[in-house]
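Each chain, written out:
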Amino acid sequence: MVTRAQPRQPRRAGSAGAEMLATGGAASAEGPGRPGPLQDETLGVASVPSQWRGAQGIRGETKSCQTASIATAEASSQTRKCADAEVQTEAPELVRVPSVSRHDGPRLAAFLRRVEAMVIRELNKNRRSHAFDGFEVNWTEQQWTVTCLHTLGYPPAQGQGLHVTSLSWNTTGSVVACAYGRLDDGDWSTLKSFVCAWNLDRRGLNPRQPSVVVEVPSAVMCLAFHPTQPSHIAGGLYSGEVLVWDVSRPEDPLLWRTGLTDDTHTDPVYQVVWLPEPRHSHRFQVLSVATDGKVLLWQGVGAGQLQLTEGFALVVQQLPRNTKLRKPPRGETEVGTTAVAFSSFDPSLFVLGTEGGFPLKCSLAAEEAALTRMPSSVPLRAPAQFTFSPHGGPVYSVSCSPFHRNLFLSAGTDGHVHLYSMLQAQPLTSLRLSHKYLFAVRWSPVRPLVFAAASGEGDVQLFDLQKSSQKPTVSIKQTQDGSPVYCLEFNRQQTQLLAAGDAQGTVKVWQLSTEFTEQGPGETEDLEQLAAEVAT
């Protein structure tokens, strides 16, 4: 609908105009020639189509794409292979043994008589032959191994920081005993220590719980089992006392003691040895050596006392002058002894190791009086007969060969092992085994050319001089932290066993291979040749 407005002429405003305005035009009347008011008028609908909208209409395109067709293929395979094999042994056939006919006695006897002379001649020829000299049949394959069989220790002693200072096997070879003490610097005279023993043949062996524990009021420096009584142990203390225990009496094991008298050592006792009495071989005495320069023989008597029966003193002025020695400090007269070893061939002959580094050949049969003022209830004699060339420091261990009367070993703080002959001052050979101290050396009881040494670097070294004279056959690491090994002992009954004690308070029992327990061909002859070379 379209509304069209009609045009009106303008008019002057006056009263009439005012009236119209007041009445809103309702009272006015249309007259001729006068336009009327605006009115609505309805007309027809006019439609005008848009050409632009049609021209700009939406244009659309339809497109599509398709990938290449996917190729597929199917394949199959199958194989079948069979093989059959059969083996069949032949049926066993019985072998018939022809029956032995009766021998012709007369003809056999005639044959034996005919060839007798020829057979005897050939046998004698073989007997005189040297083709197989030195050859020994060995049916067992030699093994080059050493294995740890037991690791033993006593926790209360280890908790105090005590060292294993000495070891000993009893006469049956089934019990190993160790002494707990200290070998480093310090005053250990009032330190409580222990003697412990383990029976390795006992069922249910507890390596941390000894079969026997003996509490001792002073550090134990050395011990030794009795040669025939498997429960008797002699020990030397830091305080200078010598004691004997019976470990079969755990409630009261102490048998004898020296007590603190004028006869007692005034310095630590470094080794004790059981010796048979000269007139009663079934009775034994205890020999002790200490750094106070005295070598004393004790006999057990009633009331639990060890009584001094013989004594020796080492004085600088009485030492044999067959070799040049360092001049002792001014005013010092006694020669401190640190080790002892007795000959297996002469019960009166023994070798002493000294703080001065020189071994001494000594005799229990010496009669010369010692030039000393040390108090003693028995006369003290001078035992030294021969002085050997010294080590570079104190000698801590000596060992006499069980297979040759003239050979012995010594080990010292210079890290060397010296092999000496009793017949000359200079050593046959000197082996540098450690950059630190060597604390122990022992000959094998069954192999003439085998020995073992304990080092301050935590090693146990086994030497076979038949294999090499310069380097160890086997080197065993006893301690992982390199702390020293202070002692070792071969088992004379169970010869495959070797015990070693260290600064950690541990005893390790090593099982040796047959290489170290069975003699090789010509070994005794090689030892004789070695000694003969020294004597020339």
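Our structure is the block above this text.
Keep in mind it's a predicted model, so treat the numbers as computed, not measured.

Q: So what's going on with the pairing of strand β28 (residues 497–502)? Residues and values would help.
A: Counting buried residues in β28 gives six out of six residues, a clear majority hidden from the surface. Burial of β28 is two-sided: the residues L497, A499 and G501 facing one way and the residues L498, A500 and D502 facing the other way are all buried. Looking at chain direction, strand β27 (residues 485–490) and β28 are connected through five bridges and run antiparallel. Bridge pairing in β28 links L488 to A500. Between the end of β27 and the start of β28, which pair antiparallel, lie six residues. Bridge analysis of β28 against strand β29 (residues 506–512) gives five bridges, and the strand direction is antiparallel. Note on β29: the bridge partner recorded for L497 is Q511. Remark: three residues form the turn of the hairpin made by β28 and β29, two consecutive strands paired antiparallel; G505 in that turn has positive phi of roughly 80°.

Q: Account for the sheet that holds strand β20 (residues 407–412), with residues named and values stated.
A: Read across the sheet, four strands follow the order β19-β20-β21-β22 without closing on themselves; strand pairing throughout is antiparallel. Each of the sheet's edge strands pairs with one partner strand only, and the pair in question is β19 (395–400) and β22 (429–432). Geometrically, the sheet is characterised by an average inter-axis angle of 20° between neighbouring strands, direction not taken into account. Bridge count between β20 and strand β21 (residues 416–421): five bridges; the pairing is antiparallel. Residue pairing in the sheet places L409 in a bridge with L419 of β21.

Q: I'd like to hear about the packing of aromatic side chains, residue by residue, with values.
A: Going through the model one piece at a time under the given rule, you end up with twelve aromatic pairs. Pairing F408 with Y420 gives two aromatic rings, centres 5.1 Å apart and planes at 15°, and the pair type is stacked. Placement of F408 in strand β20 and of Y420 in strand β21 is noted, with a sequence separation of twelve residues between them. The structure contains a cluster of three or more aromatic residues connected by ring pairs, namely F386, F388, F408 and Y420. Over the ring of F386 we find K361, and its NZ or CZ is 5.5 Å from the ring centre.

Q: Outline the sheet that holds strand β16 (residues 360–363), supporting the account with residue identities and numerical values.
A: Spatially, four strands are ordered β14-β15-β16-β18 in an open sheet, and the strand pairing comes out antiparallel. With partners counted over all chains shown, the strands left at the sheet margins are β14 (337–342) and β18 (384–387), one partner each. Taken over all neighbouring pairs, the strand axes of this sheet differ in orientation by 30° on average, direction set aside. Relative to strand β15 (residues 349–354), β14 runs antiparallel, the two being bridged by five bridges. Across the sheet, residue F342 finds its bridge partner in β15, namely F350.

Q: Go over the pattern of salt bridges with me, naming the residues and quoting the values.
A: The tally for this structure, following the rule as stated, stands at nine salt bridges. Between K125 and E122 there is a salt bridge, with its nearest N and O atoms 3.5 Å apart. On the criterion of helical spacing, the pair formed by K125 and E122 is a turn pair, its members being three residues apart in helix α3 (residues 105–128). Exposure remark for K125: the relative accessible area of 47% places this residue in the partly exposed category. A salt bridge links K192 to E215, with the nearest nitrogen and oxygen atoms 3.9 Å apart. Of this pair, K192 sits in the loop between β3 (175–181) and β4 (193–199) while E215 sits in strand β5 (residues 212–216), and the two are 23 residues apart along the sequence. Residue classification places E215 among the exposed residues on the basis of a relative accessible area of 54%. Connected via shared salt-bridge partners are R447, D464 and E523.

Criteria and thresholds
Residues numbered from 1 in each chain as written. Predicted model: local features only at pLDDT ≥ 70, side-chain atom pairs only at ≥ 80, totals over all residues. Heavy atoms only, no water. Buried < 20%, exposed > 50% of the residue type's maximum accessible area, 1.4 Å probe, protein only. Helix = DSSP H or I, 4+ residues; strand = E, 2+ residues; numbered from the N terminus. Pairing = 2+ DSSP bridges. Axes fitted to C-alpha atoms, helices over the stretch in contact; angles between N-to-C directions. Phe/Tyr/Trp six-rings, centres within 6.5 Å; stacked < 30°, edge-to-face > 60°. Lys NZ or Arg CZ within 6 Å of the ring centre and 35° of its normal. Salt bridge = Lys/Arg side-chain N within 4 Å of Asp/Glu carboxyl O.

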